[in-house]
Structures are given as structure tokens and as C-alpha cells.
Protein chains: 2
Amino acid sequence: MCLIMEVGVGGAGGGENNDVLVPSTNFSMVEEGIYRSGLPQLDNFGFLRTLNLRSIVYLCPEPYPEENLKFLAANNIRLFQFGIEGKTGSIPSSSIMEAMKILIDVRNHPVLIHCKRGKHRTGCLVGCLRKFQNWCLTAVFEEYQRFAGVKSRSTDLAFIEKFDSVCLRQCLYSLIYQYQGYGSNKRRLLYKEDNLQKSRVTSR
Amino acid sequence: MCLIMEVGVGGAGGGENNDVLVPSTNFSMVEEGIYRSGLPQLDNFGFLRTLNLRSIVYLCPEPYPEENLKFLAANNIRLFQFGIEGKTGSIPSSSIMEAMKILIDVRNHPVLIHCKRGKHRTGCLVGCLRKFQNWCLTAVFEEYQRFAGVKSRSTDLAFIEKFDSVCLRQCLYSLIYQYQGYGSNKRRLLYKEDNLQKSRVTSR
């Protein structure tokens, strides 16, 4: 989603209201190539199209809505579903780990993470991503609460805090990213064992 | 700020706590190359360094803190200050317009917008940016409120709603962006009069 593309949309239409873009509820950019929101509705599809998504990480057990599936097919977007129950309050760490692997793989970018409201399940996954990025826990929680608001759940915060970073690092050893040259567009994903990283693990 | 850089930071240090990154309060990515937050403190400088900022848009009338000025000098970051009072509740649209010009100029990216808390003044500027991007007002307000929380001000929302998009478009005619080739890294800023755009204005 670039600034100028949006300007172009507005300029080309003439009448501004016809071209108004409606982001899905709780929409935000997480990182370059990673977005988050609640479940996109029909009137969000125009906006979603501007993101040029390559994939969607969907965190609910319910089947993906028919009209959303059609949107995905029409725009060549791949769906990764992880069926996490919304109301039990207990997040399965194995599902989050698998979702993390999809999330950090730049071949899946741009990617949109969403559950139903974009608060709890999405908030937990983004929280784990922030730990992976070495953010302090205070900032991770602040971000979680910004989206969850009064619906913030202490069980989610505890999940994020306890999420096993050793386990997270182990997942990394099979998925080593390496930058080639300068600029983010040139990064390339290599599947290989990295000896330097490996020796660091065993020394712990 | 790329995912992999953060991993590198964590991996290189061995002890994770030494390398924990502390984003400034209310920190978030707005768009590729545009960030927002509250006033960065000393313990946020390590995190800020990972953003490779080229400039800062500071929206308060108070002189920029001495230690922040030193951080800017050491990291070759340019400061653009727009002295907007925090408590009057009245935002001067001329200052916001000037700040918008800085914000949409990719030569200033990556840029961090901040005021004191990252709620009101920053929220107003980001709100105007979203209107410029043709977001629906509901989504613009939702985003404003996510950061302002219970401190949300109806005067700010009214300011964003009333912000003159014709005026905003006129500012655009002197700053026409044009993409060359494919990929966001290749975009180039041209200062020129664009006849096509101009004819659209006069026909309104």
C-alpha cells in the first residue's frame, strides 16, 4: 500500500466518495509486508486489493466465508488457516508456532493476519512476533492492549509472556533468512543449516 | 526495521535481555517508511536506531530535548518542528498542511512523527494522511481512537473531518510523485506541474 497509489485512486475517480477505501476493522500495518485486522467484510475488498496480498493467516476454526474465498481466488491469495478457539482463553502454542513460520517467511508477504475481531488471537500472534523481534514486554503488551482495548485478556498476556523463545529460536534454525545486497526487496530466503547459529545454540 | 535484523541483534548478543528493544510509547508503523509514537526517551534510542530514520516530524512548541538532539546529530537525522500547542484543543491547519508536505515526501523517509504522548497531535496528522489516502472516515476515527483511548477528543475528530481535501490536493500539484519501474524502492519524486491533474482541478 503506497501513498501514491491511494492518491491515484482518488484522483482518477474525480468524485471522492466513490473511491473511498474501507479498511477492515482494527486494521493496521505490523511490519513492512505484514498487516493485521478483524475479519474482512465485502466492503473491505476494495481496500484489501490495494495491499496486493500474497497470503492470509486466518486464526479461527470456522470455515472461511464463501465470499472471502471467492475474493482470494480472484486475487490469487493463499489461505493459511489455524483453527484457534476464540473463547476458551487458552491459545495452543503449537498453532502459534506454525503460524509464526508462515509469518516470517517473506515468500508469503504481503500477508494479512486476521481472526474475527483482530483483538485476541491476532494480538497473541503479533505479540509473539514482537518477542521474536526482541521488543521489551512492556511495549508488546501496550500494542496488544491498543487493539484489545477493554477486552484485553490476562490469559493472552500470560500466553505471550510464557511463549517459549528457545523453541522459537529452534524453529529459526530450519528457516534461516539471509539478505543479499542492499534493500529489503532483495532479501532472499535460504533453507540451510547455519553453522554459526548452530554453535550458538549448543553453547547455551 | 526488518524482521531479520532484530533476530540478528538477539542472536549476536547471546544474553537476550541485553538486546531487548524498547520502542517509544504508543509506537506504531503507519505506512512503509512512516512511523508514529510519543516522545522518545533515552532508553528508546537503541530501538530507534533500528529504524534507520532519515527525519523526525516533531509537533510540539517546546524545544527538542538536548539528549534527543544529540541522538539526531549522531545518527544524521533531520528534525522538522511544527509547534502545535497540546492543550488548546485547536489544531492549526496550516501547520498540519506543512507537516503533510514533509510526510509525503519520500526523500524524508523513513520518518517518525511524534508529539509528547503520540495521541492527539500525532493522531490528527495521521488522520489527515489517511484522508489523503482516501480511507473512509470511520476507519480514520477508529485508528485515532486506538491511540488516544479514553483521551480521545471530539475537537480532534472534527478537525480531521473538516480538514480541507481540496486544499490538500492543491498542495499535491506542486509535489507530484511518480513511480518509475516496479517496486517501491524505485519511486522517484518529480517537482513538476502535471497537466492531467491540473485539468481535473479546474473542472471541479
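Residues numbered from 1 in each chain as written. Chains lettered and ligands numbered in written order. Predicted model: local features only at pLDDT ≥ 70, side-chain atom pairs only at ≥ 80, totals over all residues. Heavy atoms only, no water.

**A look at the packing of aromatic side chains**
Phase 1 of the analysis: One pass over the structure, following the stated rule, counts 14 aromatic pairs over all chains.
Phase 2 of the analysis: Centroid distance A:Phe45 to A:Phe71: 4.5 Å. Interplanar angle 20°. Geometry classified as stacked. Of the two residues, A:Phe45 is situated in helix α2 (residues 45–49) and A:Phe71 in helix α3 (residues 66–74); the sequence distance between them amounts to 26 residues. The residues A:Phe45 and A:Phe71 share a single accessibility class, namely buried.
Phase 3 of the analysis: Residues A:Tyr58 and A:Tyr64 carry aromatic rings whose centres are separated by 4.7 Å and whose planes lie at 65° to one another, so their mutual orientation is edge-to-face. Like A:Tyr58, the residue A:Tyr64 is buried in the burial classification.
Phase 4 of the analysis: Pairwise contacts between aromatic rings join A:Phe27, A:Tyr35, A:Phe47 and B:Trp135 into one cluster.
Phase 5 of the analysis: Positioned above the aromatic ring of A:Phe147 is the side chain of A:Arg36, whose terminal nitrogen or guanidinium carbon lies 3.6 Å from the ring centre. (Phe/Tyr/Trp six-rings, centres within 6.5 Å; stacked < 30°, edge-to-face > 60°. Helix = DSSP H or I, 4+ residues; strand = E, 2+ residues; numbered from the N terminus. Buried < 20%, exposed > 50% of the residue type's maximum accessible area, 1.4 Å probe, protein only. Lys NZ or Arg CZ within 6 Å of the ring centre and 35° of its normal.)

**What about the packing of helix α5 (residues 121–132) of chain B against helix α6 (residues 137–148) of chain B?**
All names here are of chain B.
Phase 1 of the analysis: For the pair α5 and α6, the least separation of the axes is 10 Å and the interaxial angle reads 155°. Here α6 runs roughly antiparallel to α5, going by the angle between their axes. You can see that α5 and α6 cross each other, and the crossing is right-handed. Residues Gly123, Cys124, Val126, Gly127, Arg130 and Lys131 of α5 form the contact with α6, whose participating residues are Leu137, Val140, Glu143 and Tyr144.
Phase 2 of the analysis: The residue makeup of the contact of α5 with α6, split by class, is five nonpolar, two polar and three charged. (Axes fitted to C-alpha atoms, helices over the stretch in contact; angles between N-to-C directions. Parallel < 35°, antiparallel > 145°, perpendicular 65-115°, else oblique. Left-handed = near helix turned anticlockwise from the far one by under 90°. Contact = heavy atoms within 4.5 Å. Nonpolar A, V, L, I, M, F, W, Y, C, P; charged D, E, K, R; others polar.)

**Comments concerning unusual backbone geometry**
All names here are of chain A.
Phase 1 of the analysis: For the bond from His109 to Pro110, the omega torsion is -5°, close enough to zero to count as cis.
Phase 2 of the analysis: Inspection of the secondary structure assignment puts Pro110 in the loop between α4 (93–103) and β5 (111–114).
Phase 3 of the analysis: Of note in the backbone geometry, Asn52 takes a positive phi value of approximately 50° without being a glycine.
Phase 4 of the analysis: Among the secondary structure elements, Asn52 is positioned in the loop between α2 and β3 (55–58).
Phase 5 of the analysis: The class of Asn52 is exposed, set by a relative accessible area of 51%.
Phase 6 of the analysis: The phi angle at Asn76 is positive, at roughly 55°, despite the residue not being glycine.
Phase 7 of the analysis: Note on Asn76: relative accessible area 69%, which makes it exposed.

**Considering the sheet that holds β3(A)**
Residue and element names in this part refer to chain A.
Phase 1 of the analysis: The strand order across the open sheet built from five strands is β1-β2-β5-β3-β4, with neighbouring strands paired in mixed fashion. Edge positions in the sheet fall to β1 (28–31) and β4 (78–81), since each has one partner strand and no second. Strand-to-strand twist across the sheet, computed as the mean angle between neighbouring axes with direction ignored, equals 25°.
Phase 2 of the analysis: As defined by bridge partners, β3 adjoins β4 across four bridges and the pair is classed as parallel. Residue pairing in the sheet places Ser55 in a bridge with Arg78 of β4. (Pairing = 2+ DSSP bridges.)

**Thoughts on the sheet that holds strand β2 (residues 34–37) of chain B**
Residue and element names in this part refer to chain B.
Phase 1 of the analysis: Taken in spatial order, the five strands line up as β1-β2-β5-β3-β4 in an open sheet, and their pairing is mixed. The open sheet has two edge strands with one neighbour each: β1 (28–31) and β4 (78–81). Across the sheet, the mean angle from the axis of one strand to that of its neighbour is 25°, orientation sign disregarded.
Phase 2 of the analysis: As defined by bridge partners, β2 adjoins strand β5 (residues 111–114) across four bridges and the pair is classed as parallel. The residue of β5 that forms the bridge with Ile34 is Val111.

**Digging into the environment of A:Pro61**
Residue and element names in this part refer to chain A.
Phase 1 of the analysis: Residue position: Pro61 is located in the loop between β3 and α3.
Phase 2 of the analysis: Given a relative accessible area of 33%, Pro61 falls into the partly exposed group.
Phase 3 of the analysis: Along the backbone, Pro61 and Gly83 are 22 residues apart, and their C-alpha atoms lie at a distance of 3.6 Å.
Phase 4 of the analysis: Sequence-distant contacts of Pro61, that is, excluding residues within four places in its chain, are made with Gln81, Gly83, Ile84, Glu85 and Arg121.

**Here we look at a positive patch on the surface**
Residues and elements named next belong to chain A.
Phase 1 of the analysis: A contiguous patch of positive charge, built from Lys87, Lys116, Arg117 and Lys151, is present on the exposed surface.
Phase 2 of the analysis: By the element assignment, Lys116 lies in the loop between β5 and α5 (121–132).
Phase 3 of the analysis: On the basis of relative accessible area, Lys116 is assigned to the partly exposed category, the value being 49%. (Patch = residues over 30% accessible without salt bridge, like charges linked within 9 Å, V, L, I, M, F, W, Y side chains within 5 Å. Areas by Shrake-Rupley, 256 points an atom, 1.4 Å probe, with all protein chains shown as cover. Salt bridge = Lys/Arg side-chain N within 4 Å of Asp/Glu carboxyl O. Lys, Arg positive; Asp, Glu negative; His and termini not counted. Charge placed at Lys NZ, Arg CZ, Asp CG, Glu CD.)

**Things to note about the confidence of the model for chain A**
Caution is warranted with low-pLDDT regions, since their predicted coordinates should not be read in detail.
Residue and element names in this part refer to chain A.
Phase 1 of the analysis: Residues with a pLDDT of 70 or more make up 71% of chain A, whose mean pLDDT is 81.
Phase 2 of the analysis: Counting contacts from residues 4–17, a segment whose pLDDT is below 50, to residues more than four positions away or on other chains yields 24 contacts.
Phase 3 of the analysis: Here residues 177–204 is modelled with pLDDT under 50, and outside its nearest four sequence neighbours on either side it reaches 50 contacts, counting other chains as well.
Phase 4 of the analysis: With pTM at 0.79, the complex prediction returns an ipTM value of 0.77. (pLDDT = per-residue confidence, 0-100.)

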